Amino acid sequence: MSPTSKVQHHNKQILTEMRTQNFDVIRFATYRTACKLRFIQKKTSLSVVDIWNIIEAFRENGLNTLEPESELNSSRVESVLNSIYVHLNKRLPLSQQVDSHQCVQMLLNWLVGAFDSVGRGKIKVFSLKVALSHMCAGKLVDKLRYVFTQISDSSGCLIRSRFIDYLKDLLALPTAVFEGPSFGYNDTACRSCFDNRTQINVNDFLNALMADPGPQCLMWLPILNKMAHVENVFHPVQCEGCHRESFMGFRYKCQRCYNYQLCQDCFWRGRTSGNHGNDHEMKEYTTYKSPAKQIGHALKKSLKCVPKSNAHVPQFPNTPEKKLDLSYIIPPTPVPVRNGYHESSIVTSQSPDVLSIDSGNSPQSPSKLTESLNSMCIDDEHRLIARYAARLAADTKDAVSTIMMLTFISLTKFGSRDSNSTFNQDFIRHL
Ligand SMILES: [Zn+2]
Ligand SMILES: [Zn+2]
């Protein structure tokens, strides 16, 4: 089997498995797309890799030093994926290890199918970043903040052309699970996200993409992220469609029929019973509260004790945070030998100066700081020698000569700032 046909074979395999799940009978395109992408996420174990681990893998493989438009061949993409799963297995207990080889092959082939439709065997760095940062686990806000760093300029403003590239790559994900007709890229997609504003900062970007409802072309994205949490929510109520006693995931309640509730499988597939019809308005629930808790909540609400819920999207500084200028950091001075005496640490005393220079608030130049540090070291040595001499003096009869001897060592070692002092002359005469 040739490498290209091998890739196609592996990609076919994961997509065939996806088809057996029968997601296509889901009548809402947003949930259908989210279900399919969630299936790929879980199948490739990206569902247990956090966005921060993905960013770390990009850095480890040097992707942050490459131009976004540069292309990676399959073996380079394979190494990036491999490092993701090797690190994942290091974090997981032995009983939950993933088959890294299988995950790498499945994901590689799915990505090649999504981004290399002409079969050149190459994927753009930017496409790989967009795909992995959205297919992994983690908060949507963190994923979007990472993406914004890739598509904004140094003053923290969105670059329109980069946003279009981002949208094209992001919408290649639904297309790779045959949802292109609903969510494929087209010219109106970009216009649906932003109006004609010229400057879009990180908060504008997050507000637009995480709005409820958000842009039509991205409706599947928040649902995909929500799905990871909601699939573990237990509802101890009977589904009126399939008559299960309890179920997990999203729950839907009819706003017309009394206490009529459906599980996600029934609602998404249009299963009904009794007098309930698919044209009835339904409310979606992603949590379950027992009737007792519901009464408590209603009571609190009526007494206006319920705290205001937090804003939907957190706010971030509009301009990017300045990076530390590490060129000004002076390597720490080696701690001098202290003959077993404890003195206040030089490293500690220099720290505030180093920090203030680093933050750009200190008027001192780096060379001045080095000078002052050197003089601090010498003073410190002098103090130590004096104390050591005093201690020796207590043990010896010739205390004066001991002190003078040690002071001489000190002077010859570090030099005196006042070489004409009478002390020095007396000292030399004494010798
Ligand atoms: Zn059901
Ligand atoms: Zn109904």
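Residues numbered from 1 in each chain as written. Chains lettered and ligands numbered in written order. Predicted model: local features only at pLDDT ≥ 70, side-chain atom pairs only at ≥ 80, totals over all residues. Heavy atoms only, no water.

(A) Examining the overall build of the protein chain more closely. Each helix and strand counted, the protein chain has 19 helices and seven strands in total. Buried residues in the protein chain amount to 40% of all 431 residues. Of the roughly 24,800 Å² that the protein chain leaves accessible, carbon and sulfur atoms contribute 54%. (Helix = DSSP H or I, 4+ residues; strand = E, 2+ residues; numbered from the N terminus. Buried < 20%, exposed > 50% of the residue type's maximum accessible area, 1.4 Å probe, protein only. Areas by Shrake-Rupley, 256 points an atom, 1.4 Å probe, with all protein chains shown as cover.)

(B) Molecular detail of the sheet that holds strand E7 (residues 282–285). Read from one edge to the other, the open sheet built from three strands follows the order E6-E5-E7, with strand pairing classed as antiparallel. Each edge of the open sheet carries a strand with a single partner, namely strand E6 (261–263) and E7. On average, adjacent strands in this sheet sit at an angle of 25 degrees to one another, irrespective of strand direction. Note: strand E5 (residues 251–254) against E6, three bridges, orientation antiparallel. Within E6, the residue paired with Lys253 across the bridge is Gln261. (Pairing = 2+ DSSP bridges. Axes fitted to C-alpha atoms, helices over the stretch in contact; angles between N-to-C directions.)

(C) View of the coordination of the zinc ion (ligand 1). On the protein side, the zinc ion (ligand 1) has Cys239 (SG), Cys242 (SG), Cys263 (SG) and Cys266 (SG) as donor atoms, found 2.3 Å from it. Classification of the site at the zinc ion (ligand 1) as tetrahedral follows from its four donor atoms and the range of 105 to 117 degrees in their angles at the metal. Written as a sequence motif, the donor residues of the zinc ion (ligand 1) are C-x2-C-x20-C-x2-C. Taken together, the residues Cys242 in the loop between strand E3 (234–235) and strand E4 (247–248) and Cys266 in helix H14 (residues 264–269) connect sequence positions 24 residues apart. Judged by relative accessible area, which is 30%, Cys242 ranks as partly exposed. Taking relative accessible area as the criterion, Cys266 reaches 0% and is therefore assigned buried. (Donors = N, O, S within 2.8 Å, 3.2 Å for Na, K, Ca; no water. Tetrahedral: all angles 85-135°; square planar, octahedral: opposite > 155°, others 65-115°.)

(D) Focus on the coordination of the zinc ion (ligand 2). Only Cys254 (SG), Cys257 (SG), His276 (ND1) and His280 (ND1) from the protein coordinate the zinc ion (ligand 2), and they sit 2.0 to 2.3 Å from it. With four donor atoms in place around the zinc ion (ligand 2) and angles of 100 to 123 degrees between them, the coordination shape is tetrahedral. When the donor residues of the zinc ion (ligand 2) are listed from N- to C-terminus, their spacing reads C-x2-C-x18-H-x3-H. Assessed through its relative accessible area of 11%, His280 is described here as buried.

(E) Molecular detail of the nonpolar core. Among the nonpolar cores identified, the biggest contains 99 residues, and Trp110, Leu111, Leu132, Phe163, Tyr166 and Phe205 are the most heavily contacted of them. Mapped onto the domain boundaries, this core takes at least three residues apiece from domain 1 (3–228) and domain 2 (234–285). Residue contacts for Phe205: discarding those within four places in its chain leaves Leu144, Val147, Phe148, Ile151, Leu158, Phe163, Tyr166, Phe194 and Ile200. (Core = buried A, V, L, I, M, F, W, Y, C linked by side-chain atoms within 4.5 Å. Domains from an automatic or database assignment. Contact = heavy atoms within 4.5 Å.)

(F) Representation of the side chain of Asn61. Along the chain, Asn61 turns up in the loop between helix H3 (51–60) and strand E1 (71–73). When sequence neighbours within four positions are dropped, the list of residues in contact with Asn61 reads Arg76, Ser79, Val80 and Ser83.

(G) Main features of the confidence of the model for the protein chain. Across the protein chain, pLDDT averages 79, with 67% of residues at or above 70. Across residues 330–378 the pLDDT falls below 50, and counting only partners more than four positions away or on other chains, this stretch makes 49 contacts in the model. In this model residues 396–431 is a low-confidence stretch, pLDDT under 50, and it forms 31 contacts with partners more than four residues away in sequence or in other chains. (pLDDT = per-residue confidence, 0-100.)

(H) Spotlight on helix H7 (residues 140–151). Between its terminal C-alpha atoms H7 stretches 16 Å, which fits the 16 Å expected from twelve residues at 1.5 Å a residue. Counting buried positions over the twelve residues of H7 gives nine, a clear majority of the element. Looking at H7, one finds that the buried residues are Leu140, Val141, Asp142, Lys143, Leu144, Tyr146, Val147, Phe148 and Ile151. Along its buried surface, H7 packs onto H3, helix H6 (125–135), helix H8 (160–170), helix H12 (202–209) and helix H13 (220–230). (Expected span 1.5 Å × (residues − 1).)

(I) Local environment of the state of the cysteines. Applying the stated rule across the entire model yields zero disulfides. With no disulfide of its own, Cys193 lies 4.5 Å from the sulfur of Cys217, the closest cysteine sulfur. (Disulfide = S-S within 2.5 Å.)

(J) Local environment of unusual backbone geometry. Between Asp212 and Pro213 the backbone carries a cis peptide bond, its omega angle lying at 5 degrees. Structurally, the position occupied by Pro213 is in the loop between H12 and H13. Not every positive phi belongs to a glycine, and Asn22 is a case in point at roughly 60 degrees. Within the secondary structure, Asn22 is located in the loop between helix H1 (3–20) and helix H2 (29–43). Taking the relative accessible area as the measure of exposure, Asn22 reaches 43% and is therefore partly exposed. Even without a glycine there, the phi angle at Phe178 is positive, about 65 degrees.

(K) View of the packing of aromatic side chains. Tallying each qualifying case throughout the model produces 13 aromatic pairs. Summarising the aromatic geometry, the rings of Phe148 and Phe205 are spaced 5.1 Å apart at their centres and angled 45 degrees between planes, so their arrangement reads as tilted. Within this pair, whereas Phe148 is found in helix H7, its partner Phe205 is found in helix H12, the two being separated by 57 residues in sequence. Judged by its relative accessible area of 5%, Phe148 falls in the buried class. Relative accessible area serves as the criterion here: at 0%, Phe205 is assigned to the buried category. By way of ring pairs, the aromatic residues Phe28, Tyr31, Phe250, Tyr252, Phe267 and Trp268 are connected into one cluster. Over the ring of Phe267 we find Arg27; its NZ or CZ atom is 5.1 Å from the centre of that ring. (Phe/Tyr/Trp six-rings, centres within 6.5 Å; stacked < 30°, edge-to-face > 60°. Lys NZ or Arg CZ within 6 Å of the ring centre and 35° of its normal.)

(L) Spatial organisation of the side chain of Ser127. Here Ser127 is to be found in helix H6. A relative accessible area of 5% places Ser127 in the buried class. With residues near it in sequence (within four places) discarded, Ser127 still touches Phe115 and Asp169.

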